[in-house]
Amino acid sequence: MLERYGHGGDLWTAAETFGISKDAFLDFSSNMNPLGPPAAAETILRERWRDIVAYPDPAVRELRSKLAAKYRVPMEAILVGNGAAELIDLAVRVLRPGVTALARPSFSEYEEAVQKTNGAIYEIPLQASHDFLLQEADVEQALAMADLLFLGSPNNPTGRLLQASVLERLAAAKKPVILDEAFIDFHPEENRLTMIRKAAESRQLMVIRSMTKFYSIPGLRLGFIVAHPDRIREMQHQQVQWSVNTMAQLIGAAVLDDHDYERRTHDWLAAERPWLTNSLSELGLIVTPSDTNYLLFSTKRLKITVQDLQAEMGKRGILIRDASLFPGLDNSYVRVAIRLREHNERMIKELRASIEVLGDVRQLEQVAVDHAAQVTLSTGHGQQQQQVDVLQEAVGSSLAPTLMVQGTSSDAGKSLLVTALCRILLQDGLRVAPFKSQNMSLNSYVTADGKEIGRAQGMQADACRIAATTDMNPILLKPKKDMVSQVVVHGKPYRDFDARTYREKYLSEAETIVKDALVRLRSDYQVVVLEGAGSPAEVNLKDRDIVNMRLAGWADAPVVLVADIDRGGVFASLLGTMEIFTPEERDRVKGFIINKFRGDVTLLKPGLDWLEQRTGKPVLGVIPYLPNLELEDEDSASLDRKLATGAFGSSDGNNYAGASQGTSEGQGLQLLDIAVIRLPRLSNFTDVDPLFYEKDVRLRYVSSLEELGRPDTVIIPGSKNTVDDMLFLRETGLDQALLEHAQRGGWITGICAGYQMMGERLLDPHLLESEHPETAGLGLFPTETEFTADKKTVRAVGTSLLYSDAAGRNPLLQVSGYEIHMGRTRFLQPVTHPFFIAEEGSGQEAHPDGAVSTNGRQWGTYVHGILHNDDFRRGWLNGIRESRGWEPLQAELRFQERREAAFDRLADHVRSHLDTNRLYEMIGYKSREAKR
């Protein structure tokens, strides 16, 4: 075992084990900065060596002064030690906890320090299914069970930073918390992420830092701890005198001034981490995302143990860390440092050779085929497939074939065409799944495991009658303000990026994420239908494209190019796009679809013939415009278009107030006037979709006092920026109008952000959402909401007593929906809760949700989709009707049944206007029609 002394970097043991000089090894088992020590270290050793004749400064004043200035904390809050290891031991010895909570896996020296004081360990398991991120619920449990929490941020060996919500909870804890930030300075936003400043003020929080990793000076042993001055004095009394030698003090003070070294380190890591992550993934290894300078990966797919791999790599002069020695990891886990490119390339070469020696030959052949296919696809040269009744295996690969729909512009109808193709393939007996690598949308969907993806991919999965997963949309961009979006990776918020930084710094990492997700889908289904984004002809974006033609290459996908004839210039848009494509990209396009046609198709035929002759590509179909489809929109641009055309509601669109007056009024049915506030940052607007199809409702969107009028009820919907949209209500005067409406006995419903706005205060102390630490709400409920960095995304099920009598049903109405929000609402006074909900499938006891006024006319909830519950929706509408003195109506609309019928209607419509035989030829199947 190379980790004889409990850590990596033991070159002496490696030399004894493998018979190789210790200087001949490439060491990936210890995580030092590969740039080597800053130049100042050499200068100090050369010019100040005579200083070793004197005792070191016992108070380490120069270094502490520089650290205090760097981190803006008092010197009295800093203690410097002989490496982080001494400080770990010292902090636990001073605190002497009975029970210490440790993450599993985590750095072994935490546990060793606890054992020296005869303390017990409470384990907090980190799950691979959560990418080893510590969950807030587990922190709460640990705080209840332990006397001390000792955690790494980033964690060693996973490389994961603690989430902001977890850090907030730890900072507010009433029990001691030690954070080990030994590797946080490898993150370019260290100054924002570190908890040092909070630790200097807190009597409970302590932060340990190492200087040996970042500055590559492990032989000097140098670290420091930041805590409240009272706690620092306790540790000083226990510390061995002259713990920090003279050279360590001098070099530590000098390297802090080398800002160019910091910049070069961050630039190196920003390029090298995604490259190494991708290279490891291409070998079939399962790589955990990392926030620092090392990577944890698993050999589970290859059925190789880390011990065998470590031995084989050692023979080749490469040292890797056996991560199975970290409690909580099995014998497939390996940790490697990220080094310079030439070192990383050699490591990958020897790793590939070692895997070939050790691995399951068939498994390795599969990985090689998949990797070779991806390389081939990226050059635009796909493998020929024969048209047969069963799925063909390209070069022996089990990956399913693909088909890609791209558009000449945004809103060309790609999402609905993919939905139609998914249902057509399903109807024809194939297991099919949708895929969109990157989606930008404020209208999201929550998967069964509580992850967030684009609404369109959730809808497409529903059309396939399969459960949606984040592999179907691994990257979701949710705009927060101009040029800034929240990046959601595999269903969980990653961070906010402006457009330039996202493109320049993150797309290389995103590429790996996208490829891995697509391979998993192609392994599980018979066909995968891909959707592009925007236009594939944006020449300024093509070199880093992960959504259109480069993705088609990775997937060896035949491409169907779609154009919206409603926009005008349909032939110019198709031809212009083809002209911008490279020859390889043009070869990948197998045909065109003209979408949303209105009129006589025979008048279009001369243009179709010209297009086919000019490009050599067939027109696969002209799809007529399909009104009143009753499937949800993905973004507000689509919503605006539908509102402008009145394309909602029953067959004549009469449920939307912008449309002409319809038969309902002509038949004397009283219509409820329901106004939805059109917030500037409106999200999840599909919450109100069922109301478009209720025969006694006239729904309208409003954004001004003039448009509001005197509705029966107002809905305040979801928002991506609650504070800014609350300020919008104030700026437009809609806030006062809503209060007056409530005072008159009017009905108001708030969903998610709308519910938050109905409270007394919106608190944003960390400025996560806005520049306003506190914003007054409408004051309709005695609540306040504080925004946190963690996002709650769960499917919810439960019950409600609200309006059950009006629904004419049993006392308890069953409800379901989903939650997506980043705020926590507190009740300042007792309130009545309209719902009792729990996470779907969790087995947990239901908890109260939302608030309702004493007269039942104003209510709010965190549950998106609450109005999709047919009986609850009818009970609410009947309650409004009865307040007007009108007779209640029976619940007739079954929205989910209509939605399922809409999928079939869309598929039948597209099938009847599309050359499906050619489409099936592209993917290697015979169509249903061709088999007859």
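Residues numbered from 1 in each chain as written. Predicted model: local features only at pLDDT ≥ 70, side-chain atom pairs only at ≥ 80, totals over all residues. Heavy atoms only, no water.

**Observations regarding the overall build of the chain**
- Counting secondary structure elements, the chain contains 33 helices and 39 strands.
- Here the chain, with 932 residues, has 60% of them falling under the buried criterion.
- As displayed, the chain offers around 37,100 Å² of accessible surface, 49% of which is attributable to carbon and sulfur atoms. (Helix = DSSP H or I, 4+ residues; strand = E, 2+ residues; numbered from the N terminus. Buried < 20%, exposed > 50% of the residue type's maximum accessible area, 1.4 Å probe, protein only. Areas by Shrake-Rupley, 256 points an atom, 1.4 Å probe, with all protein chains shown as cover.)

**Some thoughts on unusual backbone geometry**
- The omega torsion of the bond from R104 to P105 falls at 10°, within 30 degrees of zero and hence cis.
- Here the residue pair S153 and P154 is connected by a cis peptide bond, since its omega of 5° sits within 30 degrees of zero.
- In this structure, F132 takes a positive phi of about 60° despite not being glycine.
- Within the element layout of this structure, F132 appears in the loop between β4 (120–125) and α6 (136–145).
- Classification of F132 as buried rests on a relative accessible area of 5%.
- Although it is not a glycine, D411 adopts a positive phi angle of roughly 60°.
- Note that D411 resides in the loop between β14 (402–407) and α16 (414–427).

**Quick look at the nonpolar core**
- In this structure, L149, L179, L280 and L351 are the most contacted members of the largest nonpolar core, which totals 88 residues.
- At 7 residues, the largest contribution of residues to this core is made by helix α11 (residues 246–255).
- Each residue touching L280, except ones within four places of it in the same chain, is listed here: L285, V287, L295, F297, V336, I348 and L351.
- If you look at the next biggest cluster of nonpolar residues, it comprises 87 residues, including L417, L426, A555 and I923. (Core = buried A, V, L, I, M, F, W, Y, C linked by side-chain atoms within 4.5 Å. Contact = heavy atoms within 4.5 Å.)

**Focus on the packing of α6 against helix α7 (residues 164–171)**
- Viewed as axis vectors pointing N to C, α6 and α7 meet at an angle of 20°, and their least axial separation amounts to 9 Å. The angle between the axes of α6 and α7 places the two elements in the roughly parallel class. Crossing of α6 against α7: the hand is right-handed. Mapping the contact onto sequence places E136, V139, E140 and L143 in α6 and S165, V166, R169 and L170 in α7.
- Counted by class, the contact of α6 with α7 contains 4 nonpolar, 1 polar and 3 charged residues. (Axes fitted to C-alpha atoms, helices over the stretch in contact; angles between N-to-C directions. Parallel < 35°, antiparallel > 145°, perpendicular 65-115°, else oblique. Left-handed = near helix turned anticlockwise from the far one by under 90°. Nonpolar A, V, L, I, M, F, W, Y, C, P; charged D, E, K, R; others polar.)

**Notes on the state of the cysteines**
- Throughout the structure, instances matching the rule amount to 0 disulfides.
- In this model C464 remains outside any disulfide bridge; the closest cysteine sulfur is found in C422, 3.5 Å from its own. (Disulfide = S-S within 2.5 Å.)

**Things to note about the sheet that holds strand β24 (residues 589–597)**
- Pairing is parallel in the open sheet, where 6 strands are placed in the order β15-β22-β14-β23-β24-β25. Single-partner strands in this sheet number two, and they are β15 (432–435) and β25 (619–624). For this sheet the average axis-to-axis angle between neighbouring strands, irrespective of direction, equals 20°.
- Examined bridge by bridge, strand β23 (residues 559–564) and β24 share 6 bridges and lie parallel to one another. Residue D564 lies in a different strand from β24, and its bridge partner there is N595.
- Where helix α17 (residues 455–464) meets the sheet, it contacts β15 and β22 (527–531), and its direction lies at approximately 170° from that of β15. (Pairing = 2+ DSSP bridges.)

**Considerations on the pairing of strand β10 (residues 294–298)**
- For β10, the tally of buried residues reaches 5 of 5 residues, placing the bulk of the element in the interior.
- Of the two faces of β10, both are covered, the one formed by Y294, L296 and S298 as well as the one formed by L295 and F297.
- Linking two consecutive strands that pair antiparallel, namely strand β9 (residues 286–287) and β10, is a turn of 6 residues.
- In this structure, β10 lies alongside strand β13 (residues 333–337), joined through 5 bridges in antiparallel fashion.

**Quick notes on the environment of V487**
- Within the secondary structure, V487 sits in strand β20 (residues 484–489).
- The sequence separation of V487 and Q438 amounts to 49 residues, and the corresponding C-alpha distance is 9.9 Å.
- Apart from residues no more than four positions distant in its own chain, V487 is found in contact with I475, L476, L477, K492, P493, Y494, R495, F497, Y502 and Y506.

**A word on the pattern of salt bridges**
- Under the criterion given, the structure shown has 66 salt bridges.
- Among the ionic pairs, E819 bridges to K792, the shortest N-O distance being 3.7 Å. Of the two residues, E819 sits in strand β35 (residues 813–827) while K792 sits in strand β34 (residues 783–800), which places them 27 residues apart along the sequence. (Salt bridge = Lys/Arg side-chain N within 4 Å of Asp/Glu carboxyl O.)

**Comments concerning the sheet that holds strand β8 (residues 223–226)**
- Strand order in the open sheet formed by 7 strands is β2-β8-β7-β6-β5-β3-β4, and the pairing between neighbours is mixed. The outermost strands of the open sheet, each flanked by one partner alone, are β2 (78–81) and β4. Neighbour-to-neighbour, the strand axes of the sheet open up by a mean angle of 20°, direction not taken into account.
- Where strand β7 (residues 205–210) and β8 come together, 4 bridges link them in antiparallel fashion. Counted as the bridge partner of S210 is G223 from β8.
- Packing against the sheet, helix α3 (residues 61–71) makes contact with β2, β7 and β8, and its axis sits at approximately 130° to β2.
- Helix α4 (residues 83–95) contacts β2, β5 (148–152), β6 (177–180), β7 and β8 of the sheet and is inclined by roughly 160° relative to β7.

**Focus: the environment of V560**
- Along the chain, the position of V560 falls in strand β23.
- V560 sits in the buried class, given a relative accessible area of 2%.

**A word on the confidence of the model for the chain**
- Averaged over every residue, the pLDDT of the chain is 86; residues scoring 70 or more account for 89%.
- Note that pLDDT drops below 50 for residues 658–666; the model gives that stretch 15 contacts with residues more than four away or on any other chain.
- This stretch, residues 928–932, has a pLDDT under 50; its non-local contacts, to residues over four places away or in other chains, come to 9 contacts. (pLDDT = per-residue confidence, 0-100.)

**Looking at the packing of aromatic side chains**
- One pass over the full model with this rule turns up 26 aromatic pairs.
- Ring centres of F214 and Y261 lie 6.0 Å apart, and the angle between their planes is 85°; on these two criteria the pair is classed as edge-to-face. Of this pair, F214 sits in the loop between β7 and β8 while Y261 sits in helix α12 (residues 259–282); the two residues are 47 residues apart in sequence, bridging distant segments of the chain. Y261 carries the same exposure label as F214, and that label is buried.
- A network of ring pairs unites the aromatic residues F183, F186, F214, Y215, Y261 and Y294 as a single cluster.
- When the ring centre of F28 is taken as origin, the NZ or CZ atom of R339, which lies over that ring, is 5.6 Å away. (Phe/Tyr/Trp six-rings, centres within 6.5 Å; stacked < 30°, edge-to-face > 60°. Lys NZ or Arg CZ within 6 Å of the ring centre and 35° of its normal.)

**Considering helix α5 (residues 108–116)**
- Within α5 the residues assigned to the buried category are Y110, E111, A113 and V114. Down the axis of α5, the sector holding all buried residues measures 160°, keeping them to one side.
- Close packing links the buried residues of α5 with α4, β3 (99–104), β4, β5 and β6.
- Remark: N118 follows α5 within two positions and exhibits a positive phi of approximately 60°. (Arc of directions from axis to C-beta.)

**Brief notes about the pairing of β24**
- With respect to burial, β24 is a largely interior element, 8 of its 9 residues being buried.
- Pairing between β24 and β25: 5 bridges, direction parallel. For I594, the partnering residue across the bridge sits in β25 and is V622.
- Where the polypeptide runs from β24 across helix α22 (residues 605–615) and back to β25, its parallel neighbour, the crossover connection is right-handed. (Right-handed = clockwise from strand over helix to strand, strands pointing away.)

**As for the side chain of D712**
- Looking at the element boundaries, D712 is found in the loop between α25 (705–708) and β29 (713–716).
- Classification of D712 as buried rests on a relative accessible area of 11%.
- At 2.7 Å, the side chain of D712 forms a polar contact with the backbone nitrogen of D673.
- With near-sequence residues (within four places) excluded, D712 lies in contact with L671, L672, D673, H741, G746, W747, I880 and R884. (Polar contact = N/O pair within 3.5 Å; in protein donor to acceptor, adjacent residues only side chain to side chain.)

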